[in-house]
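A structural walkthrough
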Amino acid sequence: MTEYLIAFNQEWVPELSEAEQQRAFRDVTALRAEMEDAEVLIYTNGLDDTAPVFSVDASGGAPVFSDGPYVESKEHLGGFAVVSVADEEAARLWAGRIAVACGWPQEVRPFRVQRRRTTAS
């Protein structure tokens, strides 16, 4: 199984009417339950765009914390899902279903495969 990140930038979210928001919430809730039943969903959530953001930089050796995002960018992560699926085709299927349920684009990226450490006998 391969783990994929399915994510969106907040700027990709269109202005939605109250009815459209309710429809998206209903569709996403149903899809989340389906993904849990299919045992592909590891985690999903949206980020709180009203909460304070801070960054940490340890390039000087000690962590230094500062308010705001580290890089200047108009785009920021709005939410994401992590799925564990057999292959890219399955990742595409679920990402497409998420895009339809939400009503906005999604980006899909596989996680790096972790190398297992071997211990000397």
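Figured I'd write up the structure that's included with this text. (Residues numbered from 1 in each chain as written. Predicted model: local features only at pLDDT ≥ 70, side-chain atom pairs only at ≥ 80, totals over all residues. Heavy atoms only, no water.)

Per the stated rule, a full pass over the model turns up three aromatic pairs. Here the aromatic rings of Y43 and F80 are separated by 5.8 Å at their centres, their planes lie at 40°, and the arrangement is tilted. Remark: F80 occurs in strand β5 (residues 77-85) and Y43 occurs in strand β2 (residues 41-46); sequence separation between them is 37 residues. Looking at Y43, the relative accessible area reads 40%, which means it is partly exposed. Classification of F80 by relative accessible area gives partly exposed; the value is 22%. (Phe/Tyr/Trp six-rings, centres within 6.5 Å; stacked < 30°, edge-to-face > 60°. Helix = DSSP H or I, 4+ residues; strand = E, 2+ residues; numbered from the N terminus. Buried < 20%, exposed > 50% of the residue type's maximum accessible area, 1.4 Å probe, protein only.)

A few words now on a nonpolar patch on the surface. A cluster of nonpolar side chains, contributed by F54, V56 and F65, occupies part of the molecular surface with about 360 Å² of accessible area. With respect to the element layout, F65 can be found in strand β4 (residues 64-67). Judged by its relative accessible area of 56%, F65 falls in the exposed class. (Patch = residues over 30% accessible without salt bridge, like charges linked within 9 Å, V, L, I, M, F, W, Y side chains within 5 Å. Areas by Shrake-Rupley, 256 points an atom, 1.4 Å probe, with all protein chains shown as cover. Salt bridge = Lys/Arg side-chain N within 4 Å of Asp/Glu carboxyl O.)

Counting residues in hydrophobic clusters, the biggest one holds 17 residues, and the most contacted among them are L31, M35, V83, V85, W94 and I98. Contributing elements (two or more residues each) for this core: β1 (2-9), α1 (18-37), β5 and α2 (88-102). For this core, the leading source of residues is α2, giving six residues. Apart from the residues within four sequence positions on either side, V85 is in contact with M1, T2, Y4, V40, A90, A91 and W94. (Core = buried A, V, L, I, M, F, W, Y, C linked by side-chain atoms within 4.5 Å. Contact = heavy atoms within 4.5 Å.)

The strand order β2-β5-β1-β6 describes an open sheet built from four strands, whose pairing is antiparallel. Of all the strands in the sheet, just β2 and β6 (107-110) have a single pairing partner and so form its edges. Recorded for the sheet is a direction-independent mean angle of 20° between the axes of neighbouring strands. Taken together, the five bridges between β2 and β5 define a ladder with antiparallel strand orientation. Residue pairing in the sheet places N45 in a bridge with F80 of β5. Sheet strands touched by α2: β1, β5 and β6. Its angle to β1, the strand with the most contacts, is close to 30°. (Pairing = 2+ DSSP bridges. Axes fitted to C-alpha atoms, helices over the stretch in contact; angles between N-to-C directions.)

Another aspect to go through is the pattern of salt bridges. Under the counting rule described, the total for this entry stands at four salt bridges. Its salt-bridge partner being D27, residue R23 comes within 2.9 Å of it at the nearest N-O pair. Placement of the pair is R23 and D27 together in helix α1, with a separation of four residues, close to one helical turn. For E88, the salt bridge goes to R92, with nearest N and O atoms at 2.8 Å. A residue pair is termed a helical-turn pair when its members lie 3 or 4 positions apart in one helix, as E88 and R92 do in helix α2 at four residues.

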